[in-house]
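# Coordinates in review
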Amino acid sequence: MSALLTIDRMSIAAGERQLVRNVSFSIAPGERLGLIGESGSGKSLTALALIGLLSDAMMATGSILLADTEVVGARERQLVALRGPVVATIFQEPLTALDPLMRVGRQIGEVVRRRMRHDCVSTSSQQVQARVLELLARVSIPDPERLARAYPHEISGGQRQRVAIAMALAWRPRLLIADEPTTALDVTTQADILKLIGQLVEEENMALLFISHDIPVVAAAVDRVAVLKQGELVEDGSVGEVLQAPNNGYTRSLIEAARTFDRALGRLF
Ligand SMILES: Nc1ncnc2c1ncn2[C@@H]1O[C@H](COP(=O)(O)OP(=O)(O)OP(=O)(O)O)[C@@H](O)[C@H]1O
């Protein structure tokens, strides 16, 4: 099966500074890849590059082929067509995806409408409203009707992340990028959100690029792991291979650090 995403010798520079160097990896339709590495290793820049959202001060070179579109050097119009129907993103801080002045239901409804326009399907307000409530139920929000009427500041951090996931889901994307989606949440909510993402990815048959510095979290969410160190890819293999027999000393040190931390917390790993 041909890949949904193929990154080939991609580099990212800010002026003279090389931030990501010669990174190559691919994701097949429905595959779940974890991108791990310590803070500053280039994980978020890699995710931004593949949706063409690097800041103007940065430049990507090499090739990023997403659903047969070359992203490096693409025009804005081509990128807009990819964002949403092909790839949707959830971030660490759900408020970045939410308009503070608009009720949650209306925000999800906007995405539902845009997706329907993309599919050239006409729709009534009642159909949009029904789809919004269905999406809120899919992300396990109790009392979706009440929540749809709330503003983002009126709901908890965990609920906001569920709403951000519902918005991503409204696109029915082929690839979901989750950039540290549980880092800002308490441990119990983290586990719930992780389970939810896993469930939805499977039910919708989406591919997943899951970015995290937290190895146990990544291991629970994906099939394959790629490791970035100071902008370079140092490992790419199945979760079992990489966690049980890492090739690279840096990966070993990340795993050992996670084990030590978990032992200190008394968690199982
Ligand atoms: N707008 C920018 N201008 C210049 N350098 C930047 C910019 N954004 C990020 N960087 C640098 O690029 C490198 C990679 O950053 P990136 O955000 O991709 O790391 P990360 O692995 O996602 O880290 P974290 O887990 O802390 O989010 C870092 O050295 C960072 O300082």
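Please read all numbers here as calculations on a predicted model, not as lab measurements. (Residues numbered from 1 in each chain as written. Predicted model: local features only at pLDDT ≥ 70, side-chain atom pairs only at ≥ 80, totals over all residues. Heavy atoms only, no water.)

### A closer look at the UniProt feature "domain: ABC transporter" (unreviewed entry) in the chain
Taken from the UniProt record, the annotation "domain: ABC transporter" (unreviewed entry) applies to residues 5–255. Split by type, residues 5–255 is 40% helix and 26% strand. Its first and last C-alpha atoms lie 27 Å apart. (UniProt positions renumbered as here; feature names shortened; annotations may be inferred. Helix = DSSP H or I, 4+ residues; strand = E, 2+ residues; numbered from the N terminus.)

### Here's the deal with the sheet that holds strand β10 (residues 232–238)
In space, the six strands of this open sheet follow the order β6-β7-β8-β3-β9-β10, with mixed pairing throughout. This sheet does not close on itself; its edge strands, each paired only once, are β6 (87–90) and β10. Averaged over all pairs of adjacent strands, the angle between their axes in this sheet comes to 15 degrees, without regard to strand direction. Pairing between strand β9 (residues 224–229) and β10: six bridges, direction antiparallel. (Pairing = 2+ DSSP bridges. Axes fitted to C-alpha atoms, helices over the stretch in contact; angles between N-to-C directions.)

### Considering the sheet that holds strand β5 (residues 69–70)
Spatially, β2-β1-β4-β5 is the arrangement adopted by the four strands of the open sheet, whose pairing is antiparallel. With partners counted over all chains shown, the strands left at the sheet margins are β2 (17–27) and β5, one partner each. As paired strands, strand β1 (residues 5–14) and strand β4 (residues 58–66) are joined by eight bridges and run antiparallel to one another. Among the inter-strand pairings, Ala13 is bridged to a residue of β4, identified as Met59. Sitting on the sheet, helix α1 (residues 43–50) is in contact with β1, β2 and β4, with an inclination near 115 degrees to β1. (Contact = heavy atoms within 4.5 Å.)

### A closer look at the packing of helix α6 (residues 157–170) against helix α7 (residues 187–204)
Following both chains from N to C, one finds α6 and α7 inclined at 15 degrees, their axes separated by 11 Å at the closest point. In this view, α6 runs roughly parallel relative to α7, as classed from their interaxial angle. α7 is crossed by α6, and the crossing has right-handed handedness. Residues Gly158, Gln161, Arg162, Ile165 and Leu169 of α6 form the contact with α7, whose own contacting residues are Thr189, Asp192, Ile193, Leu196, Ile197, Leu200 and Glu204. Here the contact of α6 with α7 is built from residues that sort into six nonpolar, three polar and three charged. (Parallel < 35°, antiparallel > 145°, perpendicular 65-115°, else oblique. Left-handed = near helix turned anticlockwise from the far one by under 90°. Nonpolar A, V, L, I, M, F, W, Y, C, P; charged D, E, K, R; others polar.)

### Quick word on the pattern of salt bridges
One pass over the full model with this rule turns up 12 salt bridges. Through salt bridges with shared partners, one network takes in Glu31, Arg224 and Asp236. (Salt bridge = Lys/Arg side-chain N within 4 Å of Asp/Glu carboxyl O.)

### A short note on helix α3 (residues 104–118)
Taking 1.5 Å per residue, 15 residues should reach 21 Å; α3 reaches 22 Å between its end C-alpha atoms and fits that length. For α3, every residue scored as buried is listed here: Val104, Gly105, Gln107, Ile108, Gly109, Val111, Val112, Arg115 and Met116. Here the buried face of α3 lies against α4 (125–138), α5 (144–148) and α6. A positive phi of about 55 degrees marks Cys120, the residue just after α3. (Expected span 1.5 Å × (residues − 1). Buried < 20%, exposed > 50% of the residue type's maximum accessible area, 1.4 Å probe, protein only.)

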